[in-house]
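Chain residues, written in single-letter form:
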Amino acid sequence: WIEYSPQKKEASTAGIDSSFNSTKFQGMELWVVTAVSVESDGRIIKELHDHGLGYPEIDLSSMASKMEIDACDASVDEVDLVLMDGSLYSQFMTRQSTLSSTLLRIMTKKENVIFISKTSNTRMQFVDMGSTAGDIFYYNHATQKPGFSKLFLDPKYGSDKIIASVFARLSNYTPLIKLEFLGRDHSEDEIKSVLDRLYKNSGGGYPYSLKLAHNNCKISNSDLSKLVSLYGLKTEVGSREVLE
């Protein structure tokens, strides 16, 4: 663990997140997908929506992922850092090859895209010690001070898809976050610079822009019930569970 207390450094950041929800009726499904890119001051860079009645041609998670990538593409030239909610692992493991290649192109354009998550299931750094929990569990219990773990490189998806990750804490006693970069060439000075820029626009150890993105794109059951009403489906069998 490298102890480091971030210093506030001016930087513009965009947080990107997506959401989807659906409810099934007899022989059909009402679905909604949305994604947003928003700066920490609340300015919306890109907002995407889609919804339909029936069954979508691709699964909703893939649709949401494509929207996130489109929002990322619209953001890389607008801000200093683009913060993607989630993990690169999910992108490389489950997404279509066309989406992965598009994401690679975007991430290498200005090298300012970072994936950030509050939770992580990866279990690689302590597995030789017989670990049973995820890596983040041990880092969380090892220290409460700000700083970051040494860079960990995972080449399992190929030389062009190396995932470089660190666990970081922006201030004393705040929860850890996981940062994932593309490629192997990331120095400690670069990571410190990233933490400085995140610290300026964060609260409780988590970037404001990602909080705003989550709040802006979340599709609750209440939101879905309003769409149910607009479609005139309130009395349809199967619609009750979304209204309760």
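Residues numbered from 1 in each chain as written. Predicted model: local features only at pLDDT ≥ 70, side-chain atom pairs only at ≥ 80, totals over all residues. Heavy atoms only, no water.

Trainee: What is the right way to read the overall build of the protein from this model?
Mentor: The helix and strand inventory of the protein stands at eight helices and 12 strands. For the protein, whose C-alpha radius of gyration is 19 Å, the value lies close to the compact-globule estimate of 18 Å for 244 residues. With the C-alpha coordinates of the protein rotated into their principal frame, the extents come out at 60 × 40 × 35 Å. Within the protein, contacts between residues separated by at least 24 positions form 66% of all contacts whose residues are at least 6 apart in sequence. With an accessible surface of roughly 12200 Å², the protein has 47% of that area assigned to carbon and sulfur atoms. Charge centroids of the protein, computed over 27 positive and 32 negative side chains, lie 4 Å from each other. (Helix = DSSP H or I, 4+ residues; strand = E, 2+ residues; numbered from the N terminus. Rg over C-alpha atoms; globule rule 2.2 N^0.38 Å. Contact = heavy atoms within 4.5 Å. Areas by Shrake-Rupley, 256 points an atom, 1.4 Å probe, with all protein chains shown as cover. Lys, Arg positive; Asp, Glu negative; His and termini not counted. Charge placed at Lys NZ, Arg CZ, Asp CG, Glu CD.)

Trainee: Teacher, can you tell me more about the nonpolar core here?
Mentor: It is characteristic of soluble globular proteins that their nonpolar side chains tend to be buried jointly. Counting 22 residues, the largest nonpolar core has Cys72, Val82, Leu88, Met107, Val113 and Phe115 as the members making the most contacts within it. Taken together, the elements giving at least two residues each to this core come down to strand E2 (13-25), helix H1 (60-73), strand E5 (81-85), helix H2 (88-94), helix H3 (97-110) and strand E6 (113-117). The leading source of residues in this core is H3, at five residues. Apart from the residues lying within four places of it in its own chain, the contact partners of Leu88 are Leu103, Met107, Phe115, Ile163, Glu180, Phe181 and Leu182. (Core = buried A, V, L, I, M, F, W, Y, C linked by side-chain atoms within 4.5 Å. Buried < 20%, exposed > 50% of the residue type's maximum accessible area, 1.4 Å probe, protein only.)

Trainee: What is the right way to read the pattern of salt bridges from this model?
Mentor: Between side chains of opposite charge, a pair can form when the charged atoms approach closely. Under the definition given, this model contains eight salt bridges. In this structure, Arg43 and Glu39 form a salt bridge, with 2.4 Å as the shortest nitrogen-oxygen distance. On the basis of relative accessible area, Arg43 is assigned to the partly exposed category, the value being 39%. With a relative accessible area of 9%, Glu39 lands in the buried category. The shortest N-O distance in the salt bridge between Asp73 and Arg105 comes to 3.7 Å. (Salt bridge = Lys/Arg side-chain N within 4 Å of Asp/Glu carboxyl O.)

Trainee: Would you mind showing me how to read unusual backbone geometry here?
Mentor: The general pattern is negative phi for most residues beyond glycine and trans for most peptide bonds. The phi dihedral of Glu111 falls on the positive side, at around 55 degrees, and the residue is not glycine. Within the fold, Glu111 resides in the loop between H3 and E6. Overall, the relative accessible area of 68% leaves Glu111 in the exposed class. Positive phi is not limited to glycine here, since Tyr173 has a value of about 65 degrees. On the secondary structure map, Tyr173 appears in the loop between strand E9 (163-169) and strand E10 (177-182). Assessed through its relative accessible area of 65%, Tyr173 is described here as exposed.

Trainee: Mind showing me how you'd approach the environment of Thr23 here?
Mentor: On the secondary structure map, Thr23 appears in strand E2. Of the residues examined, Thr23 reaches a relative accessible area of 4% and is grouped as buried.

Trainee: Mind showing me how you'd approach the confidence of the model for the protein here?
Mentor: Reading fine detail from the predicted coordinates is not recommended where pLDDT is low. Scored by pLDDT, the protein has a mean of 87; 91% of the residues are at 70 or more. Element-level mean pLDDT values for the protein span from 49 in helix H8 (residues 240-243) up to 97 in E5. (pLDDT = per-residue confidence, 0-100.)

Trainee: Which parts of the structure should I look at to understand the environment of Ile116?
Mentor: Along the chain, the position of Ile116 falls in strand E6. On the basis of relative accessibility, which here comes to 0%, the residue Ile116 falls in the buried class. In this structure the C-alpha to C-alpha distance between Ile116 and Asp154, which are 38 residues apart in sequence, comes to 16 Å. Filtering out sequence-adjacent residues up to four positions away, Ile116 remains in contact with Leu83, Met84, Asp85, Gly86, Ile177, Lys178, Leu179, Leu198, Tyr206, Pro207 and Leu210.

Trainee: How should the side chain of Asp17 be read in this particular structure?
Mentor: Examined against the element boundaries, Asp17 turns out to sit in strand E2. Buried within the structure, Asp17 lacks any salt-bridge partner; Lys118 is the closest side chain of opposite charge, at an N-O distance of 8.5 Å. Ignoring any residue separated from it by four or fewer positions in sequence, one finds Asp17 in contact with Thr34, Ala35, Val36, Glu68, Asp85, Ala213, His214 and Cys217.

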